[in-house]
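Descriptive analysis of the structure
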Amino acid sequence: AFNALLKTLEEPPPRSLFMLATTEPHKLPPTIQSRCQHFAFRLLDYGEIYDRLKAVVGTENVDADEGAIATLAQAAEGSMRDALSLLDQVIAACGAHLDEKRVRQVLGVVPAELLAEIMRAVESADARRVLEQVGQLAAEGYELAHFCGELTRFVRDLMIGRSCGAESTLIQVPTEQRQHIGEITARFSEEDLSRFFNILLRAESEMRYALVPRFHLELALMKMVHARRLASLETFLSGLGNVALPGKSAP
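Every value quoted in this text rests on a predicted model; they were computed, and no experiment measured them. (Residues numbered from 1 in each chain as written. Predicted model: local features only at pLDDT ≥ 70, side-chain atom pairs only at ≥ 80, totals over all residues. Heavy atoms only, no water.)

**Quick look at helix α4 (residues 66-75)**
- The element α4 is largely enclosed, with a buried count of seven among its 10 residues.
- Those residues of α4 that sit buried are Gly-67, Ala-68, Ile-69, Ala-70, Thr-71, Leu-72 and Ala-73.
- Where α4 is buried, its residues touch α3 (46-59), β1 (63-64), α5 (80-94), β2 (97-98) and α6 (100-107).
- Just past α4, the residue Glu-77 takes up positive phi, approximately 55 degrees. (Buried < 20%, exposed > 50% of the residue type's maximum accessible area, 1.4 Å probe, protein only. Helix = DSSP H or I, 4+ residues; strand = E, 2+ residues; numbered from the N terminus. Contact = heavy atoms within 4.5 Å.)

**Brief notes about the environment of Leu-20**
- With respect to the secondary-structure elements, Leu-20 resides in the loop between α1 (2-10) and α2 (30-33).
- On the accessibility criterion, Leu-20 (45% relative accessible area) is partly exposed.
- Separated by 18 residues in the primary sequence, Leu-20 and His-38 place their C-alpha atoms 9.6 Å from one another.

**Points about the packing of aromatic side chains**
- Per the counting criterion, the structure on display carries two aromatic pairs.
- On the numbers, 6.0 Å between centres and 35 degrees between planes, the contact of Tyr-46 with Tyr-50 is tilted. Highlighted residues: Tyr-46 and Tyr-50, both in helix α3, separated by four residues, approximately one helical turn. In terms of burial, Tyr-46 and Tyr-50 fall into one category: buried.
- Judged by centre distance (5.4 Å) and plane angle (85 degrees), the ring pair of Phe-188 and Phe-196 falls under edge-to-face. With respect to burial, Phe-188 and Phe-196 carry one shared label: buried. (Phe/Tyr/Trp six-rings, centres within 6.5 Å; stacked < 30°, edge-to-face > 60°.)

This is how it looks when you write it as structure tokens:
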């Protein structure tokens, strides 16, 4: 098949232009690649999507506050097509005035302050408050699997903020959310955040096929609440090296 395509590329029909799209360019033979121009597409940065959405709402005479545009830019996750599609949806639902609270309700996006509040409850080992937050989310109709994904991304941003600083370009969030990240990262160590990240990644995977996703989310949050009380395996093993065995003198 590639040999037949090569012949067509070498002797194309008049006024024809071929475009080959693939996510696996390494599987194309060198004979094909050498006759093509390569354009590598990438996910867009948060700032690029935000600026474009702001220009679009201005052109369409839609009154949108910064929080609403920021929510849409985050929900797009690097895709401008998805960002414009989500903008169409919220305009259809909300009309010509978009505020952050209403946009979050339409998209099912949990407020950033709630994510920060859950992490503060985890830091204070307040299991009751964590479980009550999950109950509140379920009562308000939020999709818990989606919430778990949002919390996972939030913890990921905390981990990046702890290692690289809250102003790092690796964190794609609005300026006001960076303040939350800077405040919360000071409460945890890198080891804590890495452990939380691992717990949530596993819970997010399990919730996709669970009959009762809420149970997996609650279990994951309880693990996070008590994770800081448990000594790491490395700490335990290093402590064993200082324990004198019976019949032997300590080094």
